[in-house]
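Tertiary structure, described
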Amino acid sequence: MLLHLTVALTWNHQLPTSSFPVTATVCSLSKKGHRLLSSLDAATGDTTTSHRLIQKFVASSSKSVALNALSHLLSSDIHHYSSLALPMYERITEAPWFNWNPKLVSTVIASLENQGRFNAAETLILESSQRLASRERDLALFNCHLIDSYSKYGSKRGVFDSYARLKKLLSGFSSSQCSSLNRQAFESMINGLCMLDLPCDAEEMMEQMRAEGFNPSDFEFRSVVLGYGRLGLFSEMRRVLYRMESSGYNLDTISSNIVLSSYGAHGELSQMVSWIQKMKDSNVPFSIRTYNSVLNSCPTIMSLLQEPKFIPLSIEELIEKLQRDEALLVKELIIGGSSVLVENLKWGSSEARLDLHGMHLGTAYVLMLQWMEELKTRFEAGNTVIPAEIKVVCGLGKHSNVMGKSPVKALVSEMMVRLRSPMRIGRKNDIGCFVGRGKAVRDWLFLVHHSDSNLI
């Protein structure tokens, strides 16, 4: 199991929503990992005790738990934790289940340099290079991983040093060996430059890429689009988007989410409204990340969610609370985003299930309001089957900042209580769900729909 440290620009995997991290993503921590950190806090300043605790922890932990804790140490902004990443990594390498992994070691190296521990970082680079000396292709890919890791920690020196080693290595390859590796080198470097807030340099490298016979892929274009967007250089962002479309890449959901994230991070809500409308006009489908990007950028919604006991419990009430641009954004999102609800709402005679996994708090909130409206519409039409059971799946908080504490579950619970819903937290395998009998939920929704505001 690899660390969950992929960030920002690995477009086939993740897309940022309302912020643009340049360091590794902070992962949720297991309960056992939390106990370790508490023990390490108590041992602050006592290196011997800290190392003994780490050794005992790794020896008694599974692969996933140990790597989860290491990931947290690597991504922590607290020096006391990040300084212990190397000792933990060294203990992990001694575990019987450990397999050497270039992505993992490159992250450790970048973390060490970020702490100013240049000699330790250089030692790991030398050891890794020696390990891969007889496998030149793997050595080249290792340097690509280093570029990716250094860029996430904002290390220009690390990125450019790794690229220099990579180019020197590739110069000794035959043309048949070099083609795919050269493309990978360009991809890593363009991505890295954008992560370092050097999109202009990245765009120049795209031209160099063309000169060497490689057409930039949508990955490189999107990297540069986000690089300019992160800096608020929106005219440049739109120019590169135009170049991207001119090169044969159609506007799609991923590219649109990048644009929405960029505008949202700089509070450009009116531009977001225009872009949402453009997506609808171009038949570009919305995604959960579209919702996340838009709603995370709405300050009133984010403020309301700080006090779930007072949030509006219908779409109409919510829109009344919002400022003009926020209200327009939510309206456009709801009108164009019904497919997102439908995709996450499974309906059958035995069960209807709304799955909120992957949704940020604002998205879960708005989709819950849409869900109630959708169920009312289906039941009132009278031509749909009434499922025996209806579920809202919130999860157990495994991916929350504090493992086991799900903000989404807490939000849904508050909404269910205020609306006097018959749905309750499930038992056994359903403790991450709210469950109710289909007919009881139908009757409740009719009651909510036809009653006055005193109900809530």
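Refer to the structure presented above.
Below, the structure is looked at part by part. The structure displayed is predicted, hence computed values, not measured ones. (Residues numbered from 1 in each chain as written. Predicted model: local features only at pLDDT ≥ 70, side-chain atom pairs only at ≥ 80, totals over all residues. Heavy atoms only, no water.)

The secondary structure content of the protein chain amounts to 23 helices and five strands. Taking all 456 residues of the protein chain together, the buried fraction comes to 52%. Considering only contacts within the protein chain whose residues lie at least 6 apart along the sequence, 68% involve residues at least 24 apart. Accessible area of the protein chain: about 21000 Å², with a carbon and sulfur share of 50%. (Helix = DSSP H or I, 4+ residues; strand = E, 2+ residues; numbered from the N terminus. Buried < 20%, exposed > 50% of the residue type's maximum accessible area, 1.4 Å probe, protein only. Contact = heavy atoms within 4.5 Å. Areas by Shrake-Rupley, 256 points an atom, 1.4 Å probe, with all protein chains shown as cover.)

A few words now on the packing of helix H16 (residues 288-296) against helix H21 (residues 361-381). At a minimum axis distance of 8 Å, the contact between H16 and H21 shows a crossing angle of 110 degrees. The angle between H16 and H21 falls in the class roughly perpendicular. In this structure, H16 meets H21 at a crossing whose hand is right-handed. Along its contact with H16, which presents Ile 288, Tyr 291, Asn 292 and Leu 295, the element H21 presents Gly 362, Thr 363, Val 366, Leu 367 and Gln 370. (Axes fitted to C-alpha atoms, helices over the stretch in contact; angles between N-to-C directions. Parallel < 35°, antiparallel > 145°, perpendicular 65-115°, else oblique. Left-handed = near helix turned anticlockwise from the far one by under 90°.)

Take unusual backbone geometry next. Even without glycine at this site, Asp 197 takes up a positive phi of about 65 degrees. Tracing the chain through its elements places Asp 197 in the loop between helix H10 (175-195) and helix H11 (199-211). Using a relative accessible area of 32% as the deciding quantity, one classes Asp 197 as partly exposed. Phi is positive for Asn 283, close to 60 degrees, though the residue is something other than glycine.

In total, this model carries zero disulfides according to the counting rule given. We note that Cys 394 lacks a disulfide partner, and the nearest cysteine sulfur, in Cys 433, lies 7.3 Å from it. Note on Cys 394: relative accessible area 7%, which makes it buried. (Disulfide = S-S within 2.5 Å.)

What follows is about the pattern of salt bridges. As enumerated under the stated definition, the model contains 19 salt bridges in all. The residue Glu 113 makes a salt bridge to Arg 157 at a minimum N-O spacing of 3.3 Å. Of this pair, Glu 113 sits in helix H6 (residues 102-114) while Arg 157 sits in helix H9 (residues 156-170), placing them 44 residues apart in sequence. Among the residues examined, Glu 113 registers a relative accessible area of 10% and is labelled buried. A salt bridge links Arg 230 to Asp 197; its shortest N-O distance comes to 2.8 Å. With a gap of 33 residues between them, Arg 230 in helix H12 (residues 218-230) and Asp 197 in the loop between H10 and H11 connect regions that are remote in the sequence. Each of Glu 203, Glu 207, Arg 210, Glu 236, Arg 239 and Arg 243 takes part in a single network of salt bridges with overlapping partners. (Salt bridge = Lys/Arg side-chain N within 4 Å of Asp/Glu carboxyl O.)

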